[in-house]
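Observations on the model geometry
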Amino acid sequence: MQFNAIIGQQQIKQHLIRTVNENRVSHAQLFLGPEGSGSLALAVAYAQYINCENRLTEDSCGQCASCRKYEKLIHPDLHFSYPFFAKHKEDTAATYAREWRETFLANPYVSLDHWRGQFDAENKQANINIAEAHDIIKKLSLKAFEAEYKVLIIWLPEYLDTQGNALLKLIEEPPEKTLFLLVAENQDKILNTIISRTQLVKINRLDDSDVKAYLIAHSQVDERRAAEIAFISDGNIQQALRLLGEDTKDYFDLLVRWLRHCVTDQGGALIKTSEEELSKLGRENQKSFLLYAINVMRQVILLKEQVPTLVHITDDELDFVQKFERHYTTGQIGETIALFEQAHYHIERNANPKILFLDLSLQLVLIYKYQTFPTSRDSIYTDNYGM
């Protein structure tokens, strides 16, 4: 993986390259960024750059023996650890190495859900088990085969539970020329004892313009649809790639009609929209629609806070957002976003869509028509949707 193959993130790329050229490579680093931001791809490109035999000013050469092996993820001094769905207690990441290589090479912006989809995981929980921790210690105790540095990339160390304590001494005092690159999405779920032993590399979400340009260049998507998908995906390339297979062109019209029924308390139309349109979108499209609605409401907040330069939407959407912003309060918009986020959470967990969207609609009626904020969210925030 070369830096030039990674979307955006120019400042982070330059920072990583600078640490190598100035001989300031920390032995344990935490690449922290949201899903789909390219954190994992950056870690692999960084490791490749460090071990490149003919390093260039701005990237690895891509031609030397080391780079060719890195490009196929078969370099003997490059090791990966990641959550997996163990069938046996002695399973380690190496058990699933072939699937891991195929998945990453096909999509370096892989998410845990996408990774789960490569297996018949049933109800198994993702985990980095104690057998994997012991295997890491064993692998890194060996001398490097051919590279200057041995590199271990741990993807989603959030899934290291107390097993991570077995790695503390190794992370703090690794063998010479050994690098730990941890790639995480949620710092709060990582053991504090691990965080304290790493140097943070903060990676931001991708700009919508970068996602849009990528979709146009690599997926032959027209500019309007690329802009809409980039907007819905919120800087998440994995989400954008998934949305490519879905029909999102009617989300705006559906959202406007639905909200109009809610704010005017048109009971019959509201029920019809909830039961005959929203509930029949299909689970993935329902999730995407709610993400789209959340992003539109966030644009309303941006206008209310008088930062229009951060608003990047189509002319039709902007016209709607401007009108909506003039009529409703920040409190109403904030409550709406919270309700949409909770609805998305429940859809992911197989909520009954008819009940969920009708309940959500009625709560929006209360907020906008009667300016009544729920004192309790028991109806939408409890498991009363057939789960």
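Structure: see above.
To start, this report covers the structure provided alongside it.

The rules behind each value
Residues numbered from 1 in each chain as written. Predicted model: local features only at pLDDT ≥ 70, side-chain atom pairs only at ≥ 80, totals over all residues. Heavy atoms only, no water. Salt bridge = Lys/Arg side-chain N within 4 Å of Asp/Glu carboxyl O. Buried < 20%, exposed > 50% of the residue type's maximum accessible area, 1.4 Å probe, protein only. Helix = DSSP H or I, 4+ residues; strand = E, 2+ residues; numbered from the N terminus. Pairing = 2+ DSSP bridges. Axes fitted to C-alpha atoms, helices over the stretch in contact; angles between N-to-C directions. Contact = heavy atoms within 4.5 Å. Core = buried A, V, L, I, M, F, W, Y, C linked by side-chain atoms within 4.5 Å.

Right, let's get into the pattern of salt bridges. Counted according to the given criterion, the structure contains 18 salt bridges. Note that Arg24 is salt-bridged to Glu22, the shortest N-O span being 2.8 Å. Overall, Glu22 belongs to the partly exposed group, its relative accessible area being 44%. One salt bridge in this structure joins Glu325 and Lys304, with 3.9 Å as the shortest N-O distance. Pair noted here: Glu325 is in helix α15 (residues 315-327) and Lys304 is in helix α14 (residues 283-304), with a separation of 21 residues, a long-range link. Among the residues examined, Lys304 registers a relative accessible area of 23% and is labelled partly exposed.

In spatial order, the strands read β2-β3-β4-β1-β5; together these five strands make up an open sheet with parallel pairing. Lying at the two open borders of the sheet, with one neighbouring strand each, are β2 (78-81) and β5 (199-202). The average undirected angle you get between the axes of adjacent strands in this sheet is 20 degrees. Taken together, the four bridges between β2 and strand β3 (residues 150-155) define a ladder with parallel strand orientation. Residue His79 lies in a different strand from β3, and its bridge partner there is Leu152. Its contacts with the sheet place helix α2 (residues 39-51) against β1 (28-32), β2, β3 and β4 (178-184), and it is angled at close to 165 degrees to β4. Helix α6 (residues 130-140) rests against β2, β3 and β4 of the sheet, and its axis sits at about 170 degrees to β2.

One finds Phe31, Ile153 and Trp258 to be the most contacted residues of the largest nonpolar core, which totals 97 residues. Residues contacting Phe31, with those up to four places away along its chain left out, are Leu16, Ser39, Leu42, Ala43, Tyr46, Leu181, Leu182, Val183, Ala184, Val201 and Ile203. Core analysis: the next-biggest nonpolar cluster, separate from the first, contains 20 residues, Ile154, Leu160, Ala184 and Ile194 among them.

Nothing here speaks to function; it is all geometry.
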